[in-house]
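# Remarks on the overall topology
Listed below are the residues making up each chain.
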Amino acid sequence: MHALTLDKKTIGNNFYKSRFLYEENALIQKKMAEKLTSFLDPSYGNILEMGIGTGSLTKLVYTSCQFKTYSALDIIKENKEFLETQFPGLSYTCFDMDNIKNFCPAQDFDLIISNAAIQWSVNQKELIQNCLSRLTPNGTLALAFFGKKNFYEMKDIFGVGLTYLNQEEIYALCNGYEIVYFAEEKKELQFSDTMSLLRHIKNTGVGGMSHTVLKKEQLKQYASKFHNKLTYNPVYLVLKKKS
């Protein structure tokens, strides 16, 4: 299998190019954000969001929680003005979440939250561990991301995809923390043809297929074997740090 690029500059460029199409195409990601925020407390002190993107999760957190400060990270520097205008009080920093250990080292967070982002980490296990280390006592880590079955059809036919954590790896990271919620889902989207499916993936900011030579025979094979279906595998992990 050929892994999708984890070059952060390329990832940022792909998401920036798709910013006007993301909301209407990211149907699964929107549902994930809604479910994730349903586990939040009514108020927090300091909140940190990783991979803010276009602010779809941010909008839900702003309407459901009171907070003292709201910091947000992403790797697209052009989004700063737009997001800080849209969300009063938000402090946006162009910053790679993989370096979270070094972000505002003098301050820890009562809530660290992220939706559909950590699969782009170069080391998801280390990222989760570093997030947990940045929580205050009784702080919460709330993550929605993707599991092993995500886009499995793409891997099967085109041999391209990301690396995802399995349940055993995730459980191992929970030792010493209260598991508020841990579950995964399988969501399927149906498309009229394979090219529409590939356009959908591109419009949600997932690059990589553009660097893969798509053969006509593979498109036919996808349609024949999977009937132009695409599987998403959302995973939800909400942990609380014990005081």
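Residues numbered from 1 in each chain as written. Predicted model: local features only at pLDDT ≥ 70, side-chain atom pairs only at ≥ 80, totals over all residues. Heavy atoms only, no water.

### Describing the pattern of salt bridges
Quick note on the threshold: Whenever a carboxyl oxygen of Asp or Glu lies within 4 Å of a side-chain nitrogen of Lys or Arg, that contact is scored as a salt bridge. Helix numbering and strand numbering both begin at the N terminus, where a helix is a DSSP run of H or I of at least 4 residues and a strand a DSSP run of E of at least 2.
Evaluated as defined, the whole model comprises 9 salt bridges. As a salt-bridge pair, Asp41 and Lys240 come within 3.6 Å of each other at their nearest N and O atoms. Of the two residues, Asp41 is situated in the loop between α3 (27-37) and β2 (46-50) and Lys240 in strand β11 (residues 234-241); the sequence distance between them amounts to 199 residues. Residues participating in the shared-partner salt-bridge network are Glu153, Lys186, Glu188 and Lys229.

### Re the packing of α3 against helix α4 (residues 56-64)
Put simply, the rule is: For every element, the axis is a line fit to its C-alpha atoms; helices are fit only across the contacting stretch, and the angle between N-to-C directions ranges from 0 to 180 degrees. Orientation categories follow fixed angle ranges, with anything under 35 degrees roughly parallel, anything over 145 roughly antiparallel, 65 to 115 roughly perpendicular, and all other angles oblique. Should the near helix be turned anticlockwise from the far one by less than a right angle, the crossing is left-handed, and should it be turned clockwise, the crossing is right-handed. Two residues qualify as a contact provided that any one of their heavy atoms is within 4.5 Å of a heavy atom in the partner residue. Here the nonpolar group is Ala, Val, Leu, Ile, Met, Phe, Trp, Tyr, Cys and Pro; Asp, Glu, Lys and Arg are the charged ones; every other residue, Gly included, is treated as polar.
Two numbers describe how α3 lies on α4: the axes approach to 9 Å, and their chain directions differ by 25°. By the angle class used here, α3 and α4 are roughly parallel. Every pair of crossing elements has a handedness; the one defined by α3 and α4 is right-handed. Facing α3, whose interface residues are Ala33, Glu34 and Thr37, α4 presents Leu57, Leu60, Val61 and Ser64. By residue class, the composition of the contact of α3 with α4 is 4 nonpolar, 2 polar and 1 charged.

### Quick notes on the environment of Asn115
Cut-off, in case you're wondering: A 1.4 Å probe rolled over the protein chains alone gives each residue an accessible area, and that area as a share of the maximum for its type sets the label: buried under 20%, exposed over 50%, partly exposed in between.
Inspection of the secondary structure puts Asn115 in strand β5 (residues 109-115). Judged by relative accessible area, Asn115 falls into the buried class, the value being 10%. When the C-alpha positions of Asn115 and Leu237 are compared, they lie 11 Å apart, and in sequence the two are 122 residues distant. In this structure, Asn115 is in contact with Gln29, Met32, Ala33, Leu36, Met50, Leu57 and Ala144, ignoring residues within four places of it in sequence.

### A look at the environment of Gln124
Inspection of the secondary structure assignment puts Gln124 in helix α6 (residues 124-133). A relative accessible area of 7% means that Gln124 is categorised as buried. Between the C-alpha atoms of Gln124 and Leu165, which are 41 residues apart in sequence, the distance is 7.5 Å. With near-sequence residues (within four places) excluded, Gln124 lies in contact with Ile118, Gln119, Thr163, Tyr164 and Leu165.

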